[in-house]
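Report on the structure
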Protein chains: 2
Amino acid sequence: MSHRSRQARIGGRLADKDLDALIVTDPVNVRYLSGFVGSNGVLVVTAGHRVLLTDSRYTVAARAQVVDTDVVIAGRDLLDSMAEVVPTGRVGIEADHMTVARRDRMASRLRAIDLVPVTGIVEGLRVVKDPGELDLIREATRVADAALARLVAEGFAGRTEAETAWALHGWMRDLGAEGASFDIIVAGGAHGALPHAVPRGERIPPDTLVVVDMGARIGGYASDCTRTLSTGILPPALEEAYAVCREAHGAALAACRAGVHSREVDSAARNIITAAGLGDRFGHGLGHGVGLDIHERPWLRQEGGEVLQTGMVVTIEPGIYLEGVGGVRIEDLAVVGDDGCEVLTCVPTDLITTTI
Amino acid sequence: MSHRSRQARIGGRLADKDLDALIVTDPVNVRYLSGFVGSNGVLVVTAGHRVLLTDSRYTVAARAQVVDTDVVIAGRDLLDSMAEVVPTGRVGIEADHMTVARRDRMASRLRAIDLVPVTGIVEGLRVVKDPGELDLIREATRVADAALARLVAEGFAGRTEAETAWALHGWMRDLGAEGASFDIIVAGGAHGALPHAVPRGERIPPDTLVVVDMGARIGGYASDCTRTLSTGILPPALEEAYAVCREAHGAALAACRAGVHSREVDSAARNIITAAGLGDRFGHGLGHGVGLDIHERPWLRQEGGEVLQTGMVVTIEPGIYLEGVGGVRIEDLAVVGDDGCEVLTCVPTDLITTTI
């Protein structure tokens, strides 16, 4: 699906909501619709026309990047030029992205226009990936897999958590990634009990688990993968947690297909962890969508969520966190299909013991 | 200044605005006031008390990080627990950070509370740095300087723009940085005419200018520095642009002191570039404040801005961009003082020719 066809689909959404235009301010949504990548861009979309407002820092880049979109170079405060390009009538603003202050400033400048807070219009298009997007996500996954496989083969080689994260980042870059898709987590021993641990300048301890959560970015698209590696003889509590987490992970993958509500996929994993008496140690949702954003719709958890559709890309990442002892998380990236899901991640999920 | 004294100063601001409490949602402002570092935290501040709401992913981290702050572990949607901790009365929300959708959800949950959009309360404290903050910014500058000095000494050594950016990033990290404070820019030849150029997989050309814009992060605090290196015999237009830019840079530094409006410092540089007939090639403001955010108050440009105060940390970064030919930008980080400014950046600004 090209930027042009995305634009055409937006036209339908505007009609559904009785909007004359949509002011797109989220940079990721601007990129998705127009191709523009920059820190200061606003896209004004009507049924048949679109205009990108940006400032002079992006004059050359904007003209090179956008597809079928007029470019207006404005002052740094894009509001100064907005009245020229926004049509009168009912105009949507992205309520999930626009701040209260910006909306108020916009309303005072565009007095003749009825600014209508709307949510999820562009995100609703982004949730199902087209083949070009899937290619980029596959490639980002391949690169992260290769870096992780190198870590498994080499072992930690005396590296600290932070040095390991940096090495993984560099390997992904050498393999063609634009960078990491988020701050890589490497968390050994008790530190692994923090789901969002920050890598420390400490050596990886023996006889424990090490959570490694990483992803690459290619063409703007992210991948996301977690493996938990053993560094020797595990305490029974961690051995059990790993086995339970892996079983939960497999059950969730088996439940993941189009037509199933995301909550049910979360339940497939959560029921197993709860049955093992560890339900209160799984304090986050099962997963999330991945695309231009590392975290995006659909949300795989008990609250909210939605019915899965073919072409969604989601993480399946149950975790069990034992405060003071350690943690385990096993995460694959999968494409939702009619009859199941295609797992993109190629690193095995059985417990791998590495050298430190 | 400790988190405790920052908190005390907030009490005075609440009284000034006749607020019973402030709901702090910007992650940087939350960190500044409480010490909490995480992706999901809301700080509720009253004159004598503060409560951090976060979710179970951050239970351990939050308790370790915060100072004199109660921690409430809520569900992922912190709104679910907000009614328990927000006092009735007039309660400020950060209009520059809270989205329209979040404000609307909050208003529907906190019906007894008068939510008042306010701006700049915490930013107004952050704008003047205390000695502990200055130490971290100095250290971040020292690390970036050392990496840049290594590049000057080694030359580009056959590296592409992207490889050079990656090398600088790694050297800063080896020197103790948590990472780069923003995406490093390395832009040679005509690519340097894009002020926000993204490094490419292309070799650095001879006989041109290369813009290198970089900074390190230490303890959460950023540094920011740009140097433009020559790779041989320059075309006269670039040689002239460099000389004009350097003169403008020096004039702005000389004008930068407490009591001067930020607009006047911008003018000191802009007048020189305009007098050289290049005013329309300097399409951005002169500089910005640096702290926990890489771009923060004060803004050194013609519109807006403010009177400079002792202890502000600002960039001085005039640029001249010749489309199709090349660009030059020279940037120092400086601490505003009563009688002038202290330049933190130690790399010289005279034109340096490096090998490629």
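In this text the structure is predicted, and so the values were computed from the model without any measurement.

With that settled, consider the environment of B:Val260. All names here are of chain B. Mapped onto the elements, Val260 comes out in the loop between helix 9 (236–255) and helix 10 (262–275). Considered as a pair, Val260 and Ala165 are 95 residues apart in the sequence and their alpha carbons are 36 Å apart. Apart from residues lying up to four places away in sequence, Val260 is in contact with Ala255, Val265, Glu306, Val307 and Leu308.

Moving on to the sheet that holds strand 4 (residues 70–74) of chain B. Residue and element names in this part refer to chain B. Read from one edge to the other, the open sheet built from six strands follows the order 4-3-2-1-5-6, with strand pairing classed as mixed. Edge strands, defined here as strands with exactly one partner in the open sheet, are strand 4 and strand 6 (113–118). Across the sheet, the mean angle separating the axes of adjacent strands is 25° when strand polarity is ignored. Where strand 1 (residues 21–24) lies against strand 5 (residues 89–94), three bridges are found, and the strand directions are parallel. By the bridge assignment for strand 5, Ala21 is matched with Val91.

Turning our attention to helix 7 (residues 131–154) of chain A. Residues and elements named next belong to chain A. Taking 1.5 Å per residue, 24 residues should reach 34 Å; helix 7 reaches 34 Å between its end C-alpha atoms and fits that length. Among all positions in helix 7, only Glu133, Leu134, Ile137, Ala140, Thr141, Val143, Ala144, Asp145, Ala147, Leu148 and Leu151 are buried. The N-cap residue of helix 7 is Asp130: its side-chain oxygen and the backbone nitrogen of Gly132 are 3.1 Å apart.

After a rotation of 180° and a shift along the axis of 0.0 Å, chain A superposes on chain B with an RMSD of 0.0 Å. Between the two chains, the operation in question is that of a two-fold axis. Proximity to the rotation axis, assessed at the C-alpha, singles out A:Thr99 in chain A; its C-alpha lies 2.0 Å from the axis.

Looking now at the packing of helix 9 (residues 236–255) of chain A against helix 10 (residues 262–275) of chain A. Residues and elements named next belong to chain A. Put simply, helix 9 and helix 10 touch, their axes get as near as 8 Å, and they point 155° apart. By the angle between their directions, the pair helix 9 and helix 10 is classed as roughly antiparallel. Crossing of helix 9 over helix 10 shows right-handed handedness. Counted together, Val244, Glu247, Ala248, Ala251, Ala252 and Ala255 of helix 9 and Val265, Ala268, Ala269, Ile272 and Ile273 of helix 10 form the full contact between these two elements. Here the residues of the contact of helix 9 with helix 10 are counted per class, giving ten nonpolar, no polar and one charged.

With 32 residues of chain A at the contact, the number on the chain B side is 32 residues. Note on chain A versus chain B: buried area summed over both sides is about 2,700 Å², and carbon and sulfur give 63% of it. Sorting the residues of chain A by area buried against chain B places A:Val100, A:Trp166 and A:Arg173 first, and these three jointly supply 25% of that buried surface. Scanning the region where chain A abuts chain B turns up twelve residue pairs in polar contact (both at pLDDT 80 or more). Among the secondary structure elements, those contributing two or more residues to the side of chain A that touches chain B are helix 3 (59–65), helix 5 (100–109) and helix 8 (161–174) of chain A. A per-element tally of the side of chain A that touches chain B places helix 8 of chain A first, with six residues. Broken down by class, the residue content of the side of chain A that touches chain B amounts to twelve nonpolar, eleven polar and nine charged.

Residues and elements named next belong to chain A. Tallying each qualifying case throughout the model produces 42 salt bridges over all chains. When the shortest N-O distance is used, the salt bridge between Glu139 and Arg142 registers 2.9 Å. Placement of both Glu139 and Arg142 in helix 7 is noted, with a separation of three residues, approximately one turn of the helix. On the basis of relative accessible area, Arg142 is assigned to the partly exposed category, the value being 44%. Among the ionic contacts, a cluster of salt bridges with common partners joins Asp26, Arg126, Lys129, Asp293 and Glu296.

Attention now goes to the domain arrangement of chain A. Residue and element names in this part refer to chain A. When its domains are assigned, chain A resolves into domain 1 (3–126) and domain 2 (131–343). Contact residues are listed per partner, giving eight residues for domain 1 and eight residues for domain 2. Together domain 1 and domain 2 conceal approximately 610 Å² of surface at their shared face, both sides included; 45% is due to carbon and sulfur atoms. It is Val28, Arg31 and Arg126 in domain 1 that bury the most area against domain 2; as a group they hold 61% of the surface buried on that side. At the boundary of domain 1 with domain 2, the tally comes to three residue pairs in polar contact (both at pLDDT 80 or more).

Rules behind the numbers
Residues numbered from 1 in each chain as written. Chains lettered and ligands numbered in written order. Predicted model: local features only at pLDDT ≥ 70, side-chain atom pairs only at ≥ 80, totals over all residues. Heavy atoms only, no water. Helix = DSSP H or I, 4+ residues; strand = E, 2+ residues; numbered from the N terminus. Contact = heavy atoms within 4.5 Å. Pairing = 2+ DSSP bridges. Axes fitted to C-alpha atoms, helices over the stretch in contact; angles between N-to-C directions. Expected span 1.5 Å × (residues − 1). Buried < 20%, exposed > 50% of the residue type's maximum accessible area, 1.4 Å probe, protein only. Polar contact = N/O pair within 3.5 Å; in protein donor to acceptor, adjacent residues only side chain to side chain. Least-squares fit on C-alpha atoms with pLDDT ≥ 70 in both. Parallel < 35°, antiparallel > 145°, perpendicular 65-115°, else oblique. Left-handed = near helix turned anticlockwise from the far one by under 90°. Nonpolar A, V, L, I, M, F, W, Y, C, P; charged D, E, K, R; others polar. Buried area = accessible area lost by both parts, 1.4 Å probe. Salt bridge = Lys/Arg side-chain N within 4 Å of Asp/Glu carboxyl O. Domains from an automatic or database assignment.

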